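Given next are the chains, with one letter for each unit.
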Amino acid sequence: EKNFQQLKMLVHTSVCRNLFLTQELIYILKLFEKNGIPTIAFKGLTLAISAYQDLSFRQVGDLDILLSKEAIKPAQELLIAEGFQLIGNYEWESHYFRIDGNVHIDLHQEIAPRVYGLPFDFQQLWSRPKPINLGGTFIPHLQPEDLLLLLTMVWCRDCTYLISPLSLHLLSDV
């Protein structure tokens, strides 16, 4: 009984967090759109909806947004103006954090370091986005075959480059 109550509380907390992050993601995507920055959200919330059809079926830790290389600098400036701080910068992505609300955002211009030999044509992604309904707002999302390829690349990168243990949630996503 105690374990069940703990599990129930964890699920409730996760759902509340996901709903909060949904609002944050929609706000940031609309901000970028208003400023002429094309984006595609992936992993996290959009994966919960596209793969599981339910925000409560996947814990979300951060917001992942794909951008063209040309859009990175203007997007970074907008995030900083919104109170985010740069906390990590890699050749393939940059990490931002806003203490108010404990929000992490990763801006991706690639999926993995170039040494992986996994080039990906982001222009192709923008030519065929699949709208997804997130919190009553339709946002651009990846086609299933593109999502599968990107998730596999993320899994490989995280298991090797970041020297993290094999994560069950990454395997479940794929």
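Residues numbered from 1 in each chain as written. Predicted model: local features only at pLDDT ≥ 70, side-chain atom pairs only at ≥ 80, totals over all residues. Heavy atoms only, no water.

### Some thoughts on the packing of aromatic side chains
Given two aromatic rings, their pairing is described by the distance between the two centres and the angle made by the two planes. The following threshold applies: In this analysis, rings of Phe, Tyr and Trp, with Trp reduced to its six-membered ring, are considered paired at centre separations within 6.5 Å, and the interplanar angle assigns stacked below 30 degrees, edge-to-face beyond 60, and tilted for intermediate values.
Inspection of the entire model under this criterion finds 1 aromatic pair. Between Tyr90 and Trp92, the aromatic rings sit 5.0 Å apart at their centres with planes inclined by 20°, giving stacked as the arrangement.

### Focus on empty space enclosed by the protein
Defined as follows: A cavity, in this analysis, means grid points on a 1 Å lattice covering only the protein atoms where a 1.4 Å probe fits yet has no way out; a pocket is instead an open set bounded by protein on both sides within 12 Å along at least five of seven lines, and a residue lines either one if it has an atom within 4 Å of a point. Grid points are joined across faces, edges and corners, and a volume is the space filled by probe spheres set on the points. Where helices and strands are cited, they refer to DSSP runs of H or I of at least four residues and of E of at least two residues respectively, numbered from the N terminus. Under the scheme applied, nonpolar residues are Ala, Val, Leu, Ile, Met, Phe, Trp, Tyr, Cys and Pro; charged residues are Asp, Glu, Lys and Arg; polar residues are all the others, including Gly.
Counted according to the given criterion, the structure contains 1 cavity of 30 Å³ or more. The calculated volume of the largest cavity comes to roughly 30 Å³. Every residue lining the largest cavity is listed: Leu25, Ala41, Phe42, Lys43, Gly44, Leu45, Thr46, Asp62, Leu63 and Asp64. For the lining of the largest cavity, the secondary-structure elements that each account for two or more residues are β1 (40–42), α2 (44–52) and β2 (63–66). At 3 residues, α2 tops the list of elements feeding residues into the lining of the largest cavity. A class-by-class count of the residues in the lining of the largest cavity yields 5 nonpolar, 2 polar and 3 charged.

### As for the confidence of the model for the protein chain
As a reminder of what qualifies: pLDDT gives the predictor's per-residue confidence on a scale running from 0 to 100.
This prediction gives the protein chain a mean pLDDT of 85; 87% of its residues lie at or above 70. Considering each helix and strand of the protein chain separately, the mean pLDDT is smallest for helix α6 (residues 168–173), with a value of 64, and largest for strand β5 (residues 103–108), with 95.

### Comments concerning the pattern of salt bridges
In a structure, side chains of opposite charge can pair up when their charged atoms sit close to one another. For clarity, the cut-off: We count a salt bridge whenever a side-chain nitrogen from Lys or Arg sits within 4 Å of a carboxyl oxygen from Asp or Glu. Residue exposure (1.4 Å probe, protein chains only): buried if accessible area is under 20% of the type maximum, exposed if over 50%, otherwise partly exposed.
Inspection of every chain in the model, using the stated rule, returns 5 salt bridges. For Arg98, the salt bridge identified is with Glu24, shortest N-O distance 2.9 Å. Here Glu24 lies in helix α1 (residues 2–34) and Arg98 lies in strand β4 (residues 93–98), a separation of 74 residues in the sequence. With its nearest N and O atoms 2.6 Å apart, the salt bridge here joins Lys69 to Glu110. Pair noted here: Lys69 is in helix α3 (residues 69–81) and Glu110 is in the loop between β5 and α4 (122–127), with a separation of 41 residues, a long-range link. Here Glu110 falls in the buried class, since its relative accessible area comes to 12%.

### Considering α3
Defined as follows: Whether two residues are in contact is decided by their heavy atoms, any of which lying within 4.5 Å being enough.
All buried positions along α3 are accounted for by Ala71, Ile72, Ala75, Gln76, Leu78 and Leu79. Buried residues along α3 sit in contact with α1, β4 and β5. Once α3 ends, the next one or two residues include Gly83, with phi positive near 95°.

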